[in-house]
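Examining the three-dimensional arrangement
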Amino acid sequence: MLPNDAIPSVSHATFDEADRAWMARALELAEHARDAEGEVPVGAVVVLDGVAVGEGWNRNITLNDPTAHAEIQALRAAGETLSNYRFPGATLYVTLEPCAMCAMAMVHARIARVVFGATDPKTGAAGSVFDTLVSPRHNHRVEVAGGLEAEAAGDLLRRFFRERR
């Protein structure tokens, strides 16, 4: 995992108690992915006006679906809850920096802000490898704040892969 100062697009904003509580929920969902389904432990929550409108965890293996990342699952659930495909003003909390696919889904959904835990130095699209969420080429940009509970999220992933080897 990279230090936050190595990620140019990530804000160094302080996180409030609500951010911490929602990331705690995302971590619970990541643990559920690992424990209940043997999935890579990543969890995500879409929050709008202080209410969770969508939750998800990695389900790629379970569903035999390469698009079943935690963020996509949470966005799909939010769409059902809100009867809409766009969520202006929403924040998506996720335990791992989003990949390019998930980042573009957030752009299309008009997510206002993403808060992530651990960085992904191989496929991260929130500043580690790509700056997809803040690219001026898009008609919508997502505010990015990374590093919240990075140690806990990174430890979950490291332990998971260590046990698989």
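How each quantity is defined
- Numbers given to residues run from 1 along each chain, matching the order in which its sequence is written.
- Predicted model: local features are reported for residues with pLDDT of at least 70 only, side-chain atom pairs are reported and counted for 80 or more only, and whole-chain, interface and lining totals are derived from all residues.
- Based on all heavy atoms of the structure, the side-chain values leave hydrogens and waters out of the count.
- UniProt positions are given in the numbering used here, feature names are shortened, and annotations may be inferred rather than shown by experiment.
- We count a stretch as a helix when DSSP gives it H or I for four or more residues in a row; a strand needs E for two or more, and each element gets its number in order from the N terminus.
- Contacts are residue-level and defined by heavy atoms, with any inter-residue pair within 4.5 Å sufficient.
- We call a residue buried when its accessible area falls under 20% of the maximum for its residue type, exposed when it is over 50%, and partly exposed in between, using a 1.4 Å probe and counting protein chains only.
- In this description, a line fitted to the C-alpha atoms serves as the axis of each element, helices being fitted only across the stretch in contact, and the angle between N-to-C directions of two axes falls anywhere from 0 to 180 degrees.
- Working rule for angles: under 35 degrees goes down as roughly parallel, over 145 as roughly antiparallel, 65 to 115 as roughly perpendicular, anything else as oblique.
- Residues are sorted three ways: Asp, Glu, Lys and Arg are charged, Ala, Val, Leu, Ile, Met, Phe, Trp, Tyr, Cys and Pro are nonpolar, and all the rest, Gly among them, are polar.

Under an unreviewed UniProt entry, the name given to the chain is tRNA-specific adenosine deaminase, and the source organism is Luteibacter jiangsuensis. UniProt's Subunit (unreviewed entry) comment on the chain is quoted here verbatim: "Homodimer." Regarding the chain, the UniProt comment filed under Sequence similarities (unreviewed entry) reads as follows: "Belongs to the cytidine and deoxycytidylate deaminase family. ADAT2 subfamily."

**Here we look at the UniProt feature "binding site: Zn(2+)" (unreviewed entry) in the chain**
The residues that UniProt annotates with the feature "binding site: Zn(2+)" (unreviewed entry) are H69, C99 and C102. Across 34 residues of sequence, these annotated residues stay compact in space, with a maximum C-alpha separation of 9.3 Å. For C99, the location among the structural elements is in the loop between strand 3 (91-96) and helix 4 (100-109). Contacts of C99, omitting those with residues within four sequence positions, involve H69, E71, T123 and A125. Mapped onto the elements, C102 comes out in helix 4. A residue is classified by how much of its surface remains accessible, and C102, at 0% relative accessible area, is buried. Excluding anything up to four places from it in sequence, C102 contacts H69, E71 and I72.

**Brief notes about the packing of helix 1 (residues 17-37) against helix 5 (residues 150-164)**
Running from amino to carboxyl end, helix 1 crosses helix 5 at an angle of 5°, the nearest separation of the two axes being 11 Å. In terms of axis orientation, helix 1 runs roughly parallel to helix 5. Facing helix 1, whose interface residues are L27, A30, E31 and R34, helix 5 presents A152, A153, L156, R159 and F160. For the contact of helix 1 with helix 5, a count of residues per class yields 6 nonpolar, no polar and 3 charged.

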